[in-house]
Amino acid sequence: QVQLVESGGGSVQAGGSVRLSCAASGYTVSMYCMGWFRQGPGNERVGVAAIAADNTTNYADSVKGRFTVSKDNAKNTLYLQMNSLKPEDTAMYYCAASFYRGGGTWCLRRHSTDFGYWGQGTQVTVSS
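Residues numbered from 1 in each chain as written. Predicted model: local features only at pLDDT ≥ 70, side-chain atom pairs only at ≥ 80, totals over all residues. Heavy atoms only, no water.

### Side note on the sheet that holds strand 1 (residues 3-7)
In sheet architecture, strand pairing relies on hydrogen bonds along the backbone and comes in two forms, parallel and antiparallel. Short version of the rule: Between any two strands, pairing holds if DSSP finds at least two bridges. Note on conventions: DSSP H or I runs of at least 4 residues are helices, E runs of at least 2 residues are strands, and numbering of each starts at the N terminus. Lines fitted to C-alpha atoms define the axes here, with helix axes fitted over just the stretch in contact, and angles between the N-to-C directions of these axes take values from 0 to 180 degrees.
Spatially, 1-3-8-7 is the arrangement adopted by the four strands of the open sheet, whose pairing is antiparallel. This sheet does not close on itself; its edge strands, each paired only once, are strand 1 and strand 7 (67-72). Adjacent strand axes in the sheet meet at a mean angle of 15° when their direction is disregarded. In the sheet, strand 7 pairs with strand 8 (residues 77-82) via six bridges, with the strands oriented antiparallel. Bridging across to strand 8, F67 finds its partner in M82.

### As for the pairing of strand 8
We count it as follows: Type-normalised accessible area, obtained with a 1.4 Å probe on protein chains alone, sets the label of each residue: buried when under 20%, exposed when over 50%, and partly exposed for intermediate values.
Counted residue by residue, strand 8 has five buried out of six residues, so it is predominantly covered. The pairing of strand 3 (residues 18-25) with strand 8 spans six bridges and is antiparallel. Counted as the bridge partner of C22 is L78 from strand 8. Joining the antiparallel neighbours strand 7 and strand 8 is a turn of four residues, in which N76 adopts a positive phi near 55°.

### Things to note about the packing of aromatic side chains
Which entries qualify depends on this criterion: Two aromatic rings, drawn from Phe, Tyr or Trp (for Trp, its six-membered ring), form a pair once their centres lie within 6.5 Å of each other, and the interplanar angle then sorts them: stacked below 30 degrees, edge-to-face above 60, tilted otherwise. Each ring is checked for a lysine NZ or an arginine CZ that lies within 6 Å of its centre and within 35 degrees of its normal; such an atom marks a charge sitting over the ring.
In the structure shown here, the tally under the stated rule is six aromatic pairs. Measuring from ring centre to ring centre gives 5.7 Å for Y27 and Y117, while their planes differ by 65°; the resulting arrangement is edge-to-face. Of this pair, Y27 sits in the loop between strand 3 and strand 4 (32-39) while Y117 sits in strand 10 (residues 115-118), placing them 90 residues apart in sequence. Using a relative accessible area of 7% as the deciding quantity, one classes Y27 as buried. Put simply, the rings of Y27, Y32 and Y117 touch in pairs and so form one group of aromatic residues. Over the ring of Y94 we find R45; its NZ or CZ atom is 3.9 Å from the centre of that ring.

Shape descriptors only; they carry no functional weight alone.
Written out as structure tokens, the structure is:
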């Protein structure tokens, strides 16, 4: 049984930082493409960051230079470090694990259809 559990969300002022964690079980983070997605009220779910098995990363233009995705293979945990937060970053953030091992362009394009396992989400609210 694959389970992804996000933690670390909360309320923060603009310009602040938040670190999200995603603890995985029944799934080996190091072998697959992993991603972070977000969805605000009334908006579509959008991929903001992805990391392939070889640690290649890709980010949405809106978060480049501010967000960093990483993983600790020994802990089987995925992270998203979010710095210089803006009110428009307010959303529910979801950890996602792919259907496929490795990761190439299909992983880095951050399409939700390539990810088969999802966490419950953690809310990040950025106030101005």
